[in-house]
Amino acid sequence: MKPSGAKFLPLLILVVVAALLLEQSKCQACTSTFFAALVQLIPCRAAVAPFSAIPPSDACCNAVKSLGQPCLCVLVNGPPISGVDRNMAMQLPDKCTANFEPCETMKK
């Protein structure tokens, strides 16, 4: 007969592994260069132009999801990009239902 806590050990191990994987996914760095990430988001240009009322297109949302949160944050926190409103760029994950953690903006 197993001790009473032994039946919960596999579940505990599963929970710990899932938590570690989730934390690791949050800490992954962008593997694209700044320029490559910027090129990938060209379909979003109209949606992030200053004062634009144009919603992101399906192509834009696919690019955002493919690029991933770490690379989007690199762009948002990187050097200024002509014709891009950073606040609108930071809203792309929500508008595209990408379910990313918000970017932590660097203080300038």
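Residues numbered from 1 in each chain as written. Predicted model: local features only at pLDDT ≥ 70, side-chain atom pairs only at ≥ 80, totals over all residues. Heavy atoms only, no water.

Enquirer: Sorry if this is basic, but what is going on with the environment of Ile81 here?
Expert: Residue position: Ile81 is located in the loop between α5 (69-77) and α6 (86-95). Along the backbone, Ile81 and Leu38 are 43 residues apart, and their C-alpha atoms lie at a distance of 9.1 Å. Once residues lying within four places of it in the same chain are set aside, the contact partners of Ile81 are Phe34, Leu38, Leu75 and Arg86. (Helix = DSSP H or I, 4+ residues; strand = E, 2+ residues; numbered from the N terminus. Contact = heavy atoms within 4.5 Å.)

Enquirer: Before we go on, may I ask you to explain the nonpolar core in this structure?
Expert: For soluble globular proteins, the rule of thumb is that nonpolar side chains tend to be buried together. Ranked by size, the top nonpolar core spans 16 residues in total, and within it Leu41, Cys44, Val64, Leu67 and Leu92 carry the most contacts. Looking at this core, the elements that each hand over two or more residues are α3 (45-48), α4 (58-67), α5 and α6. Discounting residues that sit within four places of it in the chain, Cys44 has contacts with Cys60, Val64 and Leu92. (Core = buried A, V, L, I, M, F, W, Y, C linked by side-chain atoms within 4.5 Å. Buried < 20%, exposed > 50% of the residue type's maximum accessible area, 1.4 Å probe, protein only.)

Enquirer: Any chance you could explain the state of the cysteines here in plain terms?
Expert: Disulfides are covalent bonds that connect the sulfur atoms of two cysteines. Summed over all chains, the structure comprises four disulfides. Through a disulfide, Cys44 is tied to Cys60; the S-S separation comes to 2.0 Å. Residues Cys44 and Cys60 are joined by a disulfide whose S-S torsion is about 105°; by sign, that bridge is right-handed. You can see Cys44 sitting in the loop between α2 (34-40) and α3 and its partner Cys60 sitting in helix α4, a full 16 residues away along the chain. A single burial state applies to Cys44 and to Cys60, both of which are buried. Disulfide partner of Cys73: Cys103, at an S-S distance of 2.0 Å. Handedness here is read from the sign of the S-S torsion; for Cys73 and Cys103, about -90°, the answer is left-handed. In this pair, Cys73 is assigned in helix α5 and Cys103 in the segment after α6, connecting sequence segments 30 residues apart. The connectivity of the disulfide bonds within the protein can be written as 1-5, 2-3, 4-7, 6-8, using the sequence rank of each bonded cysteine. (Disulfide = S-S within 2.5 Å.)

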